[in-house]
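Inside the fold
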Amino acid sequence: MTINPYHIAITRIPGLGNKTIRQLLAICHSPEELFAMSHPQLKEIFLNHDGIISSIESRTPLAEAEQAIPLMEGYGVDTLFCTEDAYPQRLNEAGCEDTPVLLFRRGNCNLNANHTVALVGSRKCTPYGRTTTQRLVQQLQADNTTIVSGLAYGIDTEAHNAALANALPTVAVLGHGLDIVYPSQNRLLARQIVEQGGALLSEYPIHTGINAAHFPARNRIVAALSDATIVIEAAERGGALITANIANSYHREIFAVPGRLDDPLSEGCNNLIVNNKAIMIRNAGDLFYQMGWKNTFNPQHQKEEQLAIFATLNENEQKVVNLLGEHREMTLDEIVEKSGLPLPKIASITMELELKNLLLCLPGRLYKLK
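None of the values given here were measured: they were computed from a predicted structure.

**A few points about the overall build of the chain**
Across its full length, the chain holds 17 helices and 12 strands. By principal-axis analysis of the C-alpha atoms, the chain measures approximately 85 × 40 × 35 Å. For the chain, buried positions account for 53% of its 370 residues. Nonlocal contacts in the chain, meaning residues at least 24 apart in sequence, comprise 71% of its contacts between residues at least 6 apart. On the chain, roughly 17,000 Å² of surface is accessible, and the fraction owed to carbon and sulfur atoms is 50%. On the chain, the mean spot of the 31 positive side-chain charges and the mean spot of the 39 negative ones are 5 Å from each other.

Printed below as a string of structure tokens:
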């Protein structure tokens, strides 16, 4: 895709923000037209903002843009401008005037897919949060939903990984330039997202470093890109709740996964539900019903899949499953005591049962069958 330097240049004019640029485009229709205007025409638009007029007439922003393009191409980065068809049109909808007019992209994911869902939550997620994320994404496979998140630790990482595992397109929105990946531990994940048909997005140009203030701003793109935002685990305060509040301001649906009343990492989700700021979600069927999407989720099919897995359990795995079937919840020590198996063996078995989507690990290291 050929990068238009004028699309970059208009965003580099000092004093022009996203809202102002959108207003300008209603007058001059294109950045090229803006840079071609005469001094009287610019004066009529910008009045006494001489710094803006001087910047446009000097064409310095255009020269900077032309210098940046070879560097961007070297990193495999292209641009999406708000007037282009490939630009995510959800960001152009009413109420989203503060979203960026220019996005930088690595990858070729369709950002205007029929259904997109953001999954957000705590960076310090629990096994319950990880398992819930994996299960929800697996269920969304039936709808071919595009999964959006922020590539952070915790729920974000689980959401992207689950999307890749289920062959779903996934979009990671970053709060820095696309020449780096933060956290660095997710470099391989970022590469896999691009290679498997997803995309990395940012409003920040190449060589924009890590800045804490950029991440809350990044969250508005996550919210705007998505038809619905699902908060899976969140403390009373945190980035996931910022995303939920922004999604609400954009008139998007918000869903929250309920958690234990005494779990700090579920307090944010529970508060969203209690205060009617989010719809409680148990599975993808709840999402499809509330969104009016074709309900392709079949809980019975999921049970049949689990039964098929039960049939392949070895003797020790079956022993643990039988124990958990007799008790509502058990600690690791209780399983060791009642099974007669050593702790390392039980730890290995419980991990394997979690991976087989048969077991939940709750806060306090309590285990229960799904």
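**Overview of a nonpolar patch on the surface**
Side chains of Ile180, Tyr182 and Ile210 sit close together on the surface and give an oily, nonpolar patch of about 260 Å² of accessible area. Take Ile210: it is sitting in the loop between strand 6 (199-202) and helix 10 (214-225).

**Brief notes about the side chain of Ser122**
Looking at the secondary structure, you find Ser122 in the loop between strand 3 (116-120) and helix 7 (127-140). Setting aside residues up to four positions removed in sequence, Ser122 forms contacts with Tyr153, Gly154, Ile155, Glu233 and Leu265.

**Quick notes on the nonpolar core**
The biggest cluster of nonpolar side chains holds 71 residues, and the ones touching the most others in it are Leu34 and Phe46. With sequence-adjacent residues up to four places away left out, Leu34 is seen in contact with Ile10, Ile13, Leu24, Cys28, Leu42, Phe46 and Ile56. Cys125, Leu140, Ile147 and Leu360 belong to the second-largest nonpolar core, a separate cluster that totals 27 residues.

**Focus: the packing of aromatic side chains**
Inspection of every chain in the model, using the stated rule, returns 3 aromatic pairs. Aromatic pair Tyr6 and Phe35: ring centres 5.9 Å apart, planes at 65°, arrangement edge-to-face. Placement of the pair is Tyr6 in helix 1 (residues 5-9) and Phe35 in helix 3 (residues 31-35), with a sequence separation of 29 residues. Overall, Phe35 belongs to the buried group, its relative accessible area being 5%. Considering the side-chain rings of Tyr182 and Phe215, the 5.9 Å spacing of their centres and the 50° angle between planes classify their relative orientation as tilted. Residue Tyr182 is found in the loop between strand 5 (170-173) and helix 9 (187-195), and its partner Phe215 is found in helix 10; the two are separated by 33 residues along the sequence. Tyr182 gets classed as partly exposed once you look at its relative accessible area, which sits at 41%.

**Description of unusual backbone geometry**
Leaving glycine out, the prevailing phi sign among residues is negative, and the prevailing peptide bond configuration is trans. With an omega of 0°, the peptide bond between Tyr182 and Pro183 qualifies as cis. Relative to the elements of secondary structure, Pro183 occurs in the loop between strand 5 and helix 9. Positive phi is not limited to glycine here, since His29 has a value of about 70°. Positionally, His29 belongs in the loop between helix 2 (18-28) and helix 3. Classification of His29 as exposed rests on a relative accessible area of 56%. Located in the positive-phi region is Arg59, a residue other than glycine, with phi close to 60°. Mapped onto the secondary structure, Arg59 falls in the loop between helix 5 (50-58) and helix 6 (60-74). Residue class for Arg59 comes out partly exposed when judged on its relative accessible area of 35%.

**Observations regarding the pattern of salt bridges**
Taken as a whole and assessed by the stated rule, the structure comprises 10 salt bridges. In this structure, the salt-bridge partner of Asp262 is Arg260, at a minimum N-O distance of 3.3 Å. On the basis of relative accessible area, Asp262 is assigned to the exposed category, the value being 57%. Asp286 is paired through a salt bridge with Arg282; the nearest N and O atoms lie 2.9 Å apart. A residue is classified by how much of its surface remains accessible, and Asp286, at 13% relative accessible area, is buried. One network of salt bridges, with partners in common, ties together Asp98, Glu203 and Arg220.

**Overview of the sheet that holds strand 10 (residues 330-331)**
Backbone hydrogen bonds are what pair the strands of a sheet, in a parallel or an antiparallel way. One open sheet accounts for 3 strands, arranged 10-12-11; its pairing is antiparallel. The two strands at the open ends of the sheet, each matched to only one other strand, are strand 10 and strand 11 (359-362). Summarising the sheet, strand 11 and strand 12 (residues 366-369) pair through 4 bridges and their orientation is antiparallel. Bridging from a neighbouring strand, Cys361 pairs with Tyr367 of strand 12. Strands in contact with helix 15 (residues 315-326) are strand 10, strand 11 and strand 12; relative to strand 12, the strand with the most contacts, it is inclined by about 90°.

**Section: the sheet that holds strand 3**
Pairing is mixed in the open sheet, where 9 strands are placed in the order 1-2-6-5-4-3-7-8-9. Here the strands that pair on one side only, and so sit at the sheet edges, are strand 1 (78-81) and strand 9 (279-280). Strand direction decides the pairing type here: strand 8 (residues 253-256) and strand 9, joined by 2 bridges, are parallel. Note on strand 9: the bridge partner recorded for Phe255 is Ile279. Sitting on the sheet, helix 12 (residues 267-274) touches strand 7 (228-231), strand 8 and strand 9, and the angle it makes with strand 8 is about 125°.

Definitions and limits used
- Starting afresh in each chain, residues are numbered from 1 along the sequence in its written order.
- Note on the predicted model: pLDDT of at least 70 is required for a residue's local features to be given, and 80 or more for side-chain atom pairs to be given and counted; whole-chain, interface and lining totals, by contrast, use all residues.
- Excluding hydrogens and water, the side-chain figures rest on all heavy atoms present in the structure.
- Helix numbers and strand numbers start at the N terminus; a helix is a DSSP run of H or I with at least 4 residues, a strand a run of E with at least 2.
- The buried label applies to any residue whose accessible area, calculated with a 1.4 Å probe on protein chains only, is under 20% of its type's maximum; exposed applies above 50%, and partly exposed to all values in between.
- Contacts are assigned to residue pairs that have any heavy atoms within 4.5 Å of one another.
- A 1.4 Å probe and the Shrake-Rupley method give the accessible areas. Residues count as covered only by the protein chains that appear here.
- Residues scored as charged are limited to Lys and Arg (positive) and Asp and Glu (negative), so that His and the chain ends carry no count.
- Taken as the charge centre is NZ of Lys, CZ of Arg, CG of Asp or CD of Glu, depending on the residue.
- Each patch is built from residues that are more than 30% exposed by relative accessible area and take part in no salt bridge. Like charges join if they lie within 9 Å; nonpolar side chains (Val, Leu, Ile, Met, Phe, Trp, Tyr) join within 5 Å.
- Here, a salt bridge means any side-chain nitrogen of Lys or Arg that lies within 4 Å of a carboxyl oxygen of Asp or Glu.
- Residues belong to one nonpolar core when they are buried, are Ala, Val, Leu, Ile, Met, Phe, Trp, Tyr or Cys, and are joined through side-chain atoms within 4.5 Å.
- Working definition: a ring pair exists when centres of Phe, Tyr or Trp rings (six-membered ring for Trp) sit within 6.5 Å. Plane angles under 30 degrees give stacked, over 60 give edge-to-face, the rest tilted.
- A pair of strands counts as paired when DSSP detects no fewer than two bridges linking them.
- Each axis is a line fitted through C-alpha atoms, taken for helices only over the stretch in contact, and angles between the N-to-C directions span 0 to 180 degrees.

Function cannot be inferred from these measures alone, as they are strictly geometric.
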